[in-house]
Amino acid sequence: QVQLVESGGGPVQAGGSLSVSCAASGGTSSRYSMGWFRQAPGKEREFVAGITWISSITYYADAVKGRFTISRDNAKNTVSLQMNSLKPEDTAVYYCAADRKFALPRQAVEVDYWGEGTQVTVSS
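Numbers given for residues are sequential positions, taken from 1 along each chain in its written order. Since the coordinates come from a predicted model, pLDDT governs what is reported: local features require at least 70, and pairs of side-chain atoms require 80 or more to be given and counted, while whole-chain, interface and lining totals use all residues. The basis for every side-chain value is the complete set of non-hydrogen atoms in the structure, without hydrogens or water.

**Comments concerning the pattern of salt bridges**
- Salt-bridge detection follows one rule: a side-chain nitrogen of Lys or Arg within 4 Å of a carboxyl oxygen of Asp or Glu. Scanning the model with the defined rule gives six salt bridges in all.
- Among the ionic pairs, Asp90 bridges to Arg67, the shortest N-O distance being 2.7 Å. Taken together, the positions of Asp90 in the loop between β8 (78-83) and β9 (92-99) and Arg67 in the loop between β6 (58-60) and β7 (68-73) put the pair 23 residues apart, joining distant regions of the chain. The exposure classification of Asp90 matches that of Arg67, with both residues buried.
- The closest approach of N and O atoms between Asp99 and Lys101, which form a salt bridge, is 3.0 Å.
- Salt bridges sharing common partners tie together Arg38, Glu46, Arg67 and Asp90. Secondary structure elements follow DSSP: runs of H or I no shorter than four residues count as helices, runs of E no shorter than two count as strands, and numbering proceeds from the N terminus. To sort residues, take the accessible area from a 1.4 Å probe on protein chains only and compare it with the maximum for the residue type: under 20% means buried, over 50% means exposed, and anything in between is partly exposed.

Quick look at the structure:
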């Protein structure tokens, strides 16, 4: 069983930057693919970014590509998401995710473990 705890988030103005982080514990959490999803009010939870535990291969949703950067520190069992050039449509609860598969699934229903989420609010 893996526990995920997010930190960071908060309010930011459009065009600004923000970082969210996630600390994993339990199991062999350094061997899980990890990443981030987000969920805006009235919308489904959507994939944002993922990173594999071997080779730290990264991949992103088209909506954030070029603006967001995901990274992980296997020694510390943490994953971070640096968000730049934020837009109001990036406003959502951001959830840390971990999975036993090589790559984090892009479908929320397939993900093994979740954090409780952290709010990111981008004002125009």
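Back to the write-up after that little detour.
**Observations concerning the environment of Val120**
- With respect to the helices and strands, the residue Val120 is situated in strand β11 (residues 118-123).
- When the C-alpha positions of Val120 and Ala92 are compared, they lie 5.6 Å apart, and in sequence the two are 28 residues distant.
- With near-sequence residues (within four places) excluded, Val120 lies in contact with Gly9, Gly10, Leu18, Val20, Met83, Asp90, Thr91, Ala92 and Tyr94. Contacts were defined at the residue level, with two residues in contact if any of their heavy atoms lie within 4.5 Å.

**Re the state of the cysteines**
- Counting rule for disulfides: a pair of cysteine sulfur atoms within 2.5 Å. For the structure on display, the rule yields one disulfide.
- Linked covalently through their sulfurs, Cys22 and Cys96 form a disulfide whose S-S length is 2.1 Å. A torsion of -80 degrees about the S-S bond marks the disulfide between Cys22 and Cys96 as left-handed. On the criterion of sequence distance, the pair formed by Cys22 in strand β3 (residues 18-25) and Cys96 in strand β9 is long-range, its members being 74 residues apart.
- For Cys96, a relative accessible area of 0% corresponds to the buried category.

**Things to note about the pairing of strand β5 (residues 46-51)**
- The element β5 is largely enclosed, with a buried count of five among its six residues.
- In the sheet, strand β4 (residues 33-39) pairs with β5 via five bridges, with the strands oriented antiparallel. When the bridges of β5 are listed, Arg38 appears paired with Glu46.
- The pairing criterion is simple: DSSP has to find at least two bridges between the two strands. As consecutive antiparallel partners, β4 and β5 are separated by six residues, and within that stretch Gly42 has a phi angle of approximately 80 degrees, a positive value.

**Focus: the sheet that holds β3**
- Pairing within the open sheet is antiparallel, and its four strands lie in the order β1-β3-β8-β7. The open sheet has two free edges, formed respectively by β1 (3-8) and β7, since each of these has just one partner strand. For this sheet, the mean inter-axis angle between neighbouring strands, taken without regard to orientation, is 15 degrees. In this description, a line fitted to the C-alpha atoms serves as the axis of each element, helices being fitted only across the stretch in contact, and the angle between N-to-C directions of two axes falls anywhere from 0 to 180 degrees.

No statement about biological role is implied by the geometric values presented.
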